[in-house]
Amino acid sequence: MNVDGVVFPVESVQAMLFARAVGQEPSDGGVTVVPPTFTEVRQQFIPGYAWRPHHGQPWVGSGASASGTPTHESTPAEVVLHAEQHFEYRRHVRVGDVLTASTRPGRSWEKSSRQGHTLAFREIVTEFADERGEVAVISTAVEVTVPAGGSGT
Amino acid sequence: MTLSTHTLTVGTRLTRPVVTNLTRSALVQYAGASGDYNPLHTDEVYAREIAGNETVMAHGMLTMGLTATALTGVVGEGALTRYGGRFLGSVWPGDSLTVSIEVTDVQSRDDGRHVRIELTTVNQHGVPVFSGSAEAVV
């Protein structure tokens, strides 16, 4: 999802929850420098984020039935996979920072799978700037779109 | 436990545990922390009946985050300048992961020792699930 200008404060509780989730056991003093992949927390701050349930709205996951959205009951024509992820750290994010995430498209390319399908790759580049406007972290996700019946290799 | 970073020289090879017997609750814990509630990772009914998988699968970013924790244990907190890689295979509840780390370059500069690392995370069958590299100033 390409969203520009998402602002999120780096709060101590959020940092602690994320650190625990990736296998750290923060001391009583909590987290100071956040874990290397912490900027994924940006997803919490994207309005209407597709992979977060929203009260009163249909949700793709199960409830009374295996999926709450009929479009997901049919086989999708293609699948988008998270193929690669890269981070560049210009400085490490700390509790107390307020980050602004700006997302832009990066490179795109195609290659053939072992099965002969065309795999379409694209980069999604997100820069996380601090309150002074200086970029602290650059996150580059590489997505691959796999046609129906194909695999990502 | 952080290794003495002075012992990181070209050719240094280390193996570190990433996670043992990954639980479904750990997937839910990561979903809550990261904000990615994709039911492929959090919803057994959806994963089986709609996605056609045997069970829920771990977020790739959970594997990468757990690997980063093991890596931070080697280079130290706040030392990484780059970290990235490819997701090579699915990770499932019950899996145990281990990361193999190799130091491939060390450059001494004014701000410290710049260390380049190649890494691969494998499951309990030795199958790679994540492979990449990192750079750190130690």
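See the structure shown above.
In this report, the structure presented in the accompanying data block is examined. Since the model is a prediction, treat every value here as computed from it, not as a measurement.

Criteria and cut-off values
Residue numbering note: each chain is counted from 1, following its sequence as written. Ligands are numbered from 1 and chains lettered from A, in the order in which they are written. For a predicted model such as this one, the threshold for reporting local features is a pLDDT of at least 70, and the threshold for listing and counting side-chain atom pairs is 80 or more; totals across whole chains, interfaces and linings nevertheless cover every residue. Only heavy atoms go into the side-chain values, all of them from the structure, while hydrogens and water stay out. Note on contacts: a residue pair qualifies if any of its non-hydrogen atoms lie within 4.5 Å across the two residues. Buried area: the accessible surface (1.4 Å probe) lost by two parts on joining, summed over both. The salt bridge definition used is simple: a Lys or Arg side-chain nitrogen within 4 Å of an Asp or Glu carboxyl oxygen. Each polar contact in these results corresponds to two N or O atoms within 3.5 Å; when the atoms are within protein, one needs to be able to donate a hydrogen and the other to accept it, and residues that are neighboring in sequence are counted only if both atoms are side-chain atoms. Among buried residues, the Ala, Val, Leu, Ile, Met, Phe, Trp, Tyr and Cys ones that are joined through side-chain atoms within 4.5 Å form a nonpolar core. Note on classification: 1.4 Å probe, protein chains only; a residue is buried when its accessible area is under 20% of the maximum for its type, exposed when over 50%, partly exposed between these limits. In this text, helices come from DSSP runs of H or I with a minimum length of four residues, and strands from runs of E with a minimum of two, each type numbered from the N-terminal end. Any two strands between which DSSP finds at least two bridges are classified as paired. Simply put, an axis is a line fit to the C-alpha atoms, just over the touching stretch for a helix, and the angle between two N-to-C directions goes from 0 to 180 degrees. Working definition: rings of Phe, Tyr and Trp (its six-membered ring) pair if their centres are within 6.5 Å, and the pair is stacked with planes under 30 degrees apart, edge-to-face with planes over 60 apart, and tilted otherwise.

## Re the interface of chain A and chain B
Next, step 1: Taken together, the contacts link 36 residues of chain A with 35 residues of chain B.
Next, step 2: Both faces considered, chain A and chain B share a buried interface measuring about 2,900 Å² in area, 59% of it formed by carbon and sulfur atoms.
Next, step 3: The interface formed by chain A and chain B holds one salt bridge in total.
Next, step 4: Of the charged contacts in the structure, one is a salt bridge between R82(B) and E88(A), with a shortest N-O distance of 3.8 Å.
Next, step 5: Our count for the contact surface shared by chain A and chain B stands at twelve residue pairs in polar contact (both at pLDDT 80 or more).

## Examining the nonpolar core
One broad trend across soluble globular proteins is that nonpolar side chains are buried collectively.
Next, step 1: Membership of the largest hydrophobic core comes to 59 residues, with the highest contact counts inside it found for Y83(B) and L119(B).
Next, step 2: Looking at this core, the element that brings in the most residues is helix α4 (residues 60–75) of chain B, giving nine residues.
Next, step 3: If we skip the residues at most four places from it in the chain, L119(B) touches T67(B), L71(B), Y83(B), V99(B), S100(B), I101(B), F130(B), S131(B), G132(B), S133(B) and A134(B).
Next, step 4: Judged by nonpolar contacts, the second largest core, of six residues, contains L119(A), F121(A), V142(A) and V146(A).

## A short note on the sheet that holds strand β5 (residues 135–147) of chain A
Think of a sheet as strands paired side by side through backbone hydrogen bonds, with each pair either parallel or antiparallel.
Next, step 1: Strands sit in the order β1(A)-β3(A)-β4(A)-β5(A)-β2(A)-β2(B)-β5(B)-β4(B)-β3(B)-β1(B) across an open sheet of ten strands; the sheet is antiparallel. Only two strands of the sheet have a single neighbouring strand rather than two, namely β1 (4–9) of chain A together with β1 (13–19) of chain B. The sheet shows a mean angle of 25° between the axes of neighbouring strands, direction not considered.
Next, step 2: Strand contacts of α4(B): β2 (78–89) of chain A together with β1, β2 (80–87), β3 (97–109), β4 (112–122) and β5 (128–137) of chain B, with the helix running at about 140° to β2(B), the strand carrying the most contacts.

## Here we look at the packing of aromatic side chains
Residue and element names in this part refer to chain A.
Next, step 1: For the structure shown, the criterion picks out eight aromatic pairs over all chains.
Next, step 2: Relative to F45, the ring of F8 has its centre 5.2 Å away and its plane inclined at 20°; by these criteria the two rings are stacked. Of this pair, F8 sits in strand β1 while F45 sits in the loop between α1 (12–21) and β2, and the two are 37 residues apart along the sequence.
Next, step 3: On the basis of relative accessibility, which here comes to 30%, the residue F45 falls in the partly exposed class.
Next, step 4: In textbook terms, an aromatic cluster arises when at least three aromatic residues are bridged by ring pairs, as seen for F8, F45 and F128.

## Some remarks on the side chain of S34(B)
Next, step 1: As for its position among the elements, S34(B) is in helix α1 (residues 24–34).
Next, step 2: Leave out the neighbours within four places in its chain, and S34(B) touches F18(A), E40(A), V41(A), Q43(A) and Q44(A).

## Some words on the pattern of salt bridges
Next, step 1: In the structure shown here, the tally under the stated rule is 14 salt bridges over all chains.
Next, step 2: As a salt-bridge pair, R122(A) and E143(A) come within 3.2 Å of each other at their nearest N and O atoms. With a gap of 21 residues between them, R122(A) in strand β4 (residues 118–129) and E143(A) in strand β5 connect regions that are remote in the sequence.
Next, step 3: Linking E102(B) and R13(B) is a salt bridge whose minimum nitrogen-to-oxygen distance equals 3.5 Å. One end of the pair, E102(B), is in strand β3; the other, R13(B), is in strand β1, with 89 residues separating them in the sequence.
Next, step 4: In this structure E102(B) comes out as partly exposed when scored by relative accessible area, which is 28%.

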